[in-house]
Amino acid sequence: MADSLVIVESPAKAKTIGKYLGSKFIVKASMGHIRDLPKSQIGVEVENKFEPKYITIRGKGSVLKELKDASRKVKNIYLAADPDREGEAIAWHLAHYLELSETEPCRVVFNEITKQAVKDAFKQPRPIDMDLVNAQQARRILDRLVGYKISPLLWKKVKKGLSAGRVQSVAVKLIIDRENEIKAFVPEEYWSITAKLAVNGTEFEAKFYGVDGEKKELHREADVQDILSRIGKSAFVVGEVKEKERQRNPAAPFITSSMQQEAARKLNFRAAKTMQVAQQLYEGIDLGKEGTVGLITYMRTDSTRISPVAQEEAKAYIESAYGPEYYPETPRVYLKKNANAQDAHEGIRPTAVTKTPEELKSFLSRDQYRLYKLVWERFVASQMASAVLDTMTVDISAADTIFRAVGSKVKFPGFMKIYVEGNDDGTTEDDKYLPVLKQGDELNNRGIDPKQHFTQPPPRYSEARLVRVLEEMGIGRPSTYAPTLETIQKRGYVAMEEKKFVPTELGDLVIQLMAEFFPEILNVEFTAHMEEELDFVEEGKVDWVRVLDEFYTTFEKRLEVAEEEMKEIEIQDEVTDVLCEKCGRNMVIKMGRFGKFLACSGFPDCRNAKPIVKEIGVTCPKCKEGSVVERRSKKGRIFYGCDKYPDCDFVSWDKPADKPCPNCSSMLVEKNTKAGSFLQCVECSYKEENQQADAEGDAD
């Protein structure tokens, strides 16, 4: 007969833990929070020390009845929600509902859902940590005050359905500021000169460096002509040769933000998807005979700390699988990069390094396998020895000009044997071999290639890049990044174009109003300071009511001014000459989550809408009559189809080229890889370099 009730958030977690604890424990799921502030009103008594008015969340009645009934049949109740502020708050609300004292040892926390970790946690239950609860309450109330006070103003003055928030507003402002930087950017011309040289039949490249030993920039074609005239028919002779050994260290274990960034780069995952899949891996996967096992540690963390036990397991695995030379002389310790980082949890790692991705592949979905592999490889690499590279820098003279060739090769792969961190521009560090070169060697000149370039504006933010910037600025916390990015898109403040954020007219307008009437909300230093204050509340250093009071004193005055002075604004749709095929009215351009689309100006009487199609200058290869146009799927992914649809059903995920395959006359499509762009036949094995894409790349 069971004598203990354990309550967790989700059925998956309940299932995993239930198998570890045995028949004396009943494990139930609360299905997340059971109480929250009401949706119909602000739910905070500002004058009464910001007292929140919690109500039972609609639809939780049957869950609560089940928990109450189960609690009456047992001697002990344990609250085992996640080990963070939200989890502590869920436990506190459950304790209130089940009439448990905050001081009794009813709270159980574990950083990983494995048999040993769970059993160890139940040996040392603790009281509910009210500092953690108050940090969560302060954030919730702060966000409620901002959202429920500013949003009605925006509804009244601009448009229904709008909202404002501390973190989301800063995120939108960053995207707008970046767009303004791009618009204001003035390209500057510069040139490069590459010499193709050879020694003993081996060809390599050297780049122009300078004149008379001094570095020289080439700003215009006249500068290039001057260098070429200096070289004339002079011989290229090897000057100074520098060889040295360089070490490269592995990246730290994942934290929430770095996992989201790397999953975006390498797996093409959105931030929300990364967290969803990570949650599944954390809560437990059925491994057949072994049962359900949590495969990674808790995935909402900004600490890179690793437990000594995990380090010992990693050491044993690395030395066994790769050899003792692949483990460093002393275990690696990763210090906090961010001064605001909390150290309550470990970094994200596999719960058992011996469970390799390949061993688990048959038990995992494709997405689960790919993310687990990423976490596993990152962690194992983080504990491995440094890579050793041999680098070679060679200065080559031709008359009084200097060209420089740089080569490197991996002498000892170390951690690079299994994993190398990605970067936002998609480039990789490949070996660049140079032949054996000695001072005084005369080289064969195989050609000199001058190229014109133009400086590029800063790139738009991808999800990964924006998360990184928010983290560096101290804005938001691990649990807030994914929902923030979702919210700013749902509200129509930004759209995604080619996986990059683009601000909408609506987003620009709302941020202008916020900047005028609520500048603190958009102030990065102010928002980061508020995050720091919440951390101090969690640590028991600051009273949560004081934090709210200091914020609200200024905020209330801002509200009064905005109520009086904010003017009503009517957003005008951009009318086009495209006629609605259903009612004949002109269609207007609207902004949706994935960019602009056409909608009938007669809405809501006529609800016709269609995408804005972009012609790519290619005749449809199927019907030979229509034109191929760029379209977007419901999920925002670009594909290509015939503009005669539905009469012609041609469709392709790859962009068709404007010429047929020279071998079989079938369709050629563009393929883009990190190595470059090329055209490939859809039927035969023909492949060729995509010269048009390369030309565009040179212009970049």
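Just so we're clear, the structure is a prediction, and the values are computed from it rather than from any experiment. (Residues numbered from 1 in each chain as written. Predicted model: local features only at pLDDT ≥ 70, side-chain atom pairs only at ≥ 80, totals over all residues. Heavy atoms only, no water.)

**Considerations on the overall build of the chain**
Then, number 1: Of regular secondary structure, the chain possesses 19 helices and 30 strands.
Then, number 2: Expressed as lengths along the three principal axes of its C-alpha atoms, the size of the chain is roughly 95 × 75 × 55 Å.
Then, number 3: The burial tally for the chain puts 50% of its 700 residues in the buried class.
Then, number 4: When contacts within the chain are restricted to residue pairs at least 6 apart in sequence, long-range pairs at least 24 apart make up 65% of them. (Helix = DSSP H or I, 4+ residues; strand = E, 2+ residues; numbered from the N terminus. Buried < 20%, exposed > 50% of the residue type's maximum accessible area, 1.4 Å probe, protein only. Contact = heavy atoms within 4.5 Å.)

**A word on helix α17 (residues 524-538)**
Then, number 1: Look at α17: 21 Å from first C-alpha to last across 15 residues, which is about the 21 Å you get at 1.5 Å a residue.
Then, number 2: Residues of α17 that are buried include every one of T527, A528, M530, E531, E533, L534, D535, V537 and E538, and no others.
Then, number 3: Close packing links the buried residues of α17 with α3 (85-97), α5 (130-157), α6 (166-184), α13 (463-473), α16 (519-522) and α18 (544-565).
Then, number 4: With a side-chain oxygen positioned 2.9 Å from the backbone nitrogen of E525, the residue opening α17 is N523.
Then, number 5: Backbone geometry just downstream of α17 places G540 in the positive-phi region, at approximately 80°. (Expected span 1.5 Å × (residues − 1). Polar contact = N/O pair within 3.5 Å; in protein donor to acceptor, adjacent residues only side chain to side chain.)

**What to know about the packing of aromatic side chains**
Then, number 1: Evaluated as defined, the whole model comprises 17 aromatic pairs.
Then, number 2: Seen in terms of ring centroids, Y322 and Y326 are 6.0 Å apart; in terms of plane orientation they differ by 50°. Their pairing is tilted.
Then, number 3: For Y326, a relative accessible area of 8% puts it in the buried group.
Then, number 4: For the ring pair Y326 and F412, a centre distance of 4.8 Å and an interplane angle of 45° mean the geometry is tilted. Taken as a pair, Y326 in the loop between α10 (308-321) and α11 (357-360) and F412 in strand β15 (residues 401-412) lie far apart in primary sequence, 86 residues in all.
Then, number 5: Taken together, the ring pairs connect F50, F518, F526, F551, Y552 and F555 into an aromatic cluster.
Then, number 6: Its end group placed over the ring of Y97, K68 keeps NZ or CZ at 4.6 Å from the ring centre.
Then, number 7: A cation over an aromatic ring shows up here: R178 above the ring of Y461, its NZ or CZ 4.5 Å from the ring centre. (Phe/Tyr/Trp six-rings, centres within 6.5 Å; stacked < 30°, edge-to-face > 60°. Lys NZ or Arg CZ within 6 Å of the ring centre and 35° of its normal.)

**Examining a negative patch on the surface**
Then, number 1: Among the surface-exposed residues, E45, E47, E51, E516, E556, E560, E564 and E565 lie close enough to one another that they form a single negatively charged patch.
Then, number 2: Looking at where E516 falls in the secondary structure, it is placed in helix α15 (residues 505-517). (Patch = residues over 30% accessible without salt bridge, like charges linked within 9 Å, V, L, I, M, F, W, Y side chains within 5 Å. Areas by Shrake-Rupley, 256 points an atom, 1.4 Å probe, with all protein chains shown as cover. Salt bridge = Lys/Arg side-chain N within 4 Å of Asp/Glu carboxyl O. Lys, Arg positive; Asp, Glu negative; His and termini not counted. Charge placed at Lys NZ, Arg CZ, Asp CG, Glu CD.)

**Description of the confidence of the model for the chain**
Then, number 1: Overall, the prediction assigns the chain a mean pLDDT of 90, with 94% of residues at 70 or greater.
Then, number 2: A low-confidence stretch, residues 339-343 (pLDDT under 50), is modelled with 14 contacts involving residues beyond four sequence positions or located in other chains.
Then, number 3: Segment residues 693-700: pLDDT under 50, and 10 contacts once partners within four positions in sequence are set aside and those in other chains are kept. (pLDDT = per-residue confidence, 0-100.)

**Some thoughts on the state of the cysteines**
Then, number 1: Counted under the stated rule, the structure contains 0 disulfides.
Then, number 2: Free cysteine: C623, not disulfide-bonded; nearest cysteine sulfur from C620 at 3.7 Å.
Then, number 3: For C623, a relative accessible area of 26% corresponds to the partly exposed category. (Disulfide = S-S within 2.5 Å.)

**A short note on the sheet that holds strand β25 (residues 638-642)**
Then, number 1: Judged by pairing direction, the sheet is antiparallel, and its 4 strands sit side by side in the order β23-β24-β25-β26 without closing on themselves. Two strands lie at the open edges of the sheet, namely β23 (614-619) and β26 (651-652), each paired on one side alone.
Then, number 2: Where β25 and β26 come together, 2 bridges link them in antiparallel fashion. Looking at the pairing, Y640 lines up with S652 of β26. (Pairing = 2+ DSSP bridges.)

**Topic: unusual backbone geometry**
As a rule of thumb, non-glycine residues mostly have phi less than zero, and peptide bonds are mostly trans rather than cis.
Then, number 1: The amide bond that connects F603 to the next residue, P604, takes the cis arrangement and shows omega of 10°.
Then, number 2: Relative to the elements of secondary structure, P604 occurs in the loop between β21 (595-600) and β22 (609-611).
Then, number 3: The backbone of M31 shows a phi angle near 60°, a positive value even though the residue is not glycine.
Then, number 4: As for its position among the elements, M31 is in the loop between β2 (25-29) and β3 (35-36).

**Observations regarding the sheet that holds strand β7 (residues 76-79)**
Then, number 1: Pairing within the open sheet is parallel, and its 3 strands lie in the order β2-β1-β7. Lying at the two open borders of the sheet, with one neighbouring strand each, are β2 and β7. When strand polarity is set aside, the average angle formed by the axes of neighbouring strands in this sheet is 20°.
Then, number 2: Of the strand pairs in this sheet, strand β1 (residues 4-8) and β7 are connected by 4 bridges, and their pairing is parallel. Bridge pairing in β7 links S4 to N76. (Axes fitted to C-alpha atoms, helices over the stretch in contact; angles between N-to-C directions.)

**A few points about the pairing of strand β17 (residues 494-497)**
Then, number 1: Two elements, β17 and strand β18 (residues 500-503), share 4 bridges in a ladder whose sense is antiparallel. Within the sheet, the bridge partner assigned to A495 lies in β18 and is V502.
Then, number 2: Connecting β17 to the next strand, β18, in antiparallel fashion are 2 residues, including E498 with a positive phi near 50°.

**A few points about the nonpolar core**
As a rule of thumb, nonpolar side chains are buried together in soluble globular proteins.
Then, number 1: Within the largest apolar cluster, 148 residues are counted, with the highest numbers of intra-cluster contacts made by L79, F110, L371 and F518.
Then, number 2: Sort the elements by how many residues they give to this core and α5 lands first, with 10 residues.
Then, number 3: Once you skip the residues sitting within four places of it in the chain, L79 turns out to touch I7, A91, L94, A95, L100, C106, R107, V108 and I128.
Then, number 4: Residues L197, F236, A405 and L434 belong to the second largest nonpolar core, which totals 24 residues. (Core = buried A, V, L, I, M, F, W, Y, C linked by side-chain atoms within 4.5 Å.)

**Looking at helix α2 (residues 61-71)**
Then, number 1: Within α2, burial applies to V63, L64, L67, K68, A70 and S71. Along the axis of α2, the buried positions cluster into a sector of 165°, meaning they face one direction only. Pointing more than 90 degrees away from the buried face of α2 are the exposed residues S62 and K65.
Then, number 2: Those residues of α2 that are buried lie in contact with β1, β2, β6 (55-56), β7 and α3. (Arc of directions from axis to C-beta.)

**A few points about the pattern of salt bridges**
Then, number 1: With the rule as written, the count across this model stands at 44 salt bridges.
Then, number 2: In this structure, E262 and R265 form a salt bridge, with 2.7 Å as the shortest nitrogen-oxygen distance. Note that E262 and R265 are positioned in helix α8 (residues 256-267) at a spacing of 3 residues, about one turn of the helix.
Then, number 3: For R265, a relative accessible area of 23% corresponds to the partly exposed category.
Then, number 4: A salt bridge links R349 to E346; its shortest N-O distance comes to 2.8 Å.
Then, number 5: The network of salt bridges with common partners includes R85, R477, D535 and E538.

**A word on the packing of α17 against α18**
Then, number 1: Contact geometry of α17 with α18 gives a least axis separation of 9 Å together with a crossing angle of 160°. With respect to α18, the element α17 is oriented roughly antiparallel. Crossing hand, α17 versus α18: left-handed. Only W544, R546, V547, E550 and F551 of α18 make contact with α17, whose side of the interface consists of F526, M530, E533 and V537.
Then, number 2: The residue inventory of the contact of α17 with α18, partitioned by class, reads 6 nonpolar, no polar and 3 charged. (Parallel < 35°, antiparallel > 145°, perpendicular 65-115°, else oblique. Left-handed = near helix turned anticlockwise from the far one by under 90°. Nonpolar A, V, L, I, M, F, W, Y, C, P; charged D, E, K, R; others polar.)

**A look at the side chain of K157**
Then, number 1: Within the secondary structure, K157 sits in helix α5.
Then, number 2: Here K157 is buried and forms no salt bridge, its nearest opposite-charge partner E568 lying at an N-O distance of 5.4 Å.
Then, number 3: Those residues in contact with K157 that sit more than four places away from it in its chain are A562, E563, M566, K567, E568 and I569.

**Observations concerning the packing of α6 against α13**
Then, number 1: Interaxial distance between α6 and α13 falls to 11 Å at its minimum, and their mutual angle equals 115°. Handedness of the α6/α13 crossing: right-handed. Each of A171, L174 and I175 in α6 lies in contact with α13, whose residues at this interface are L466, V469, L470 and M473.

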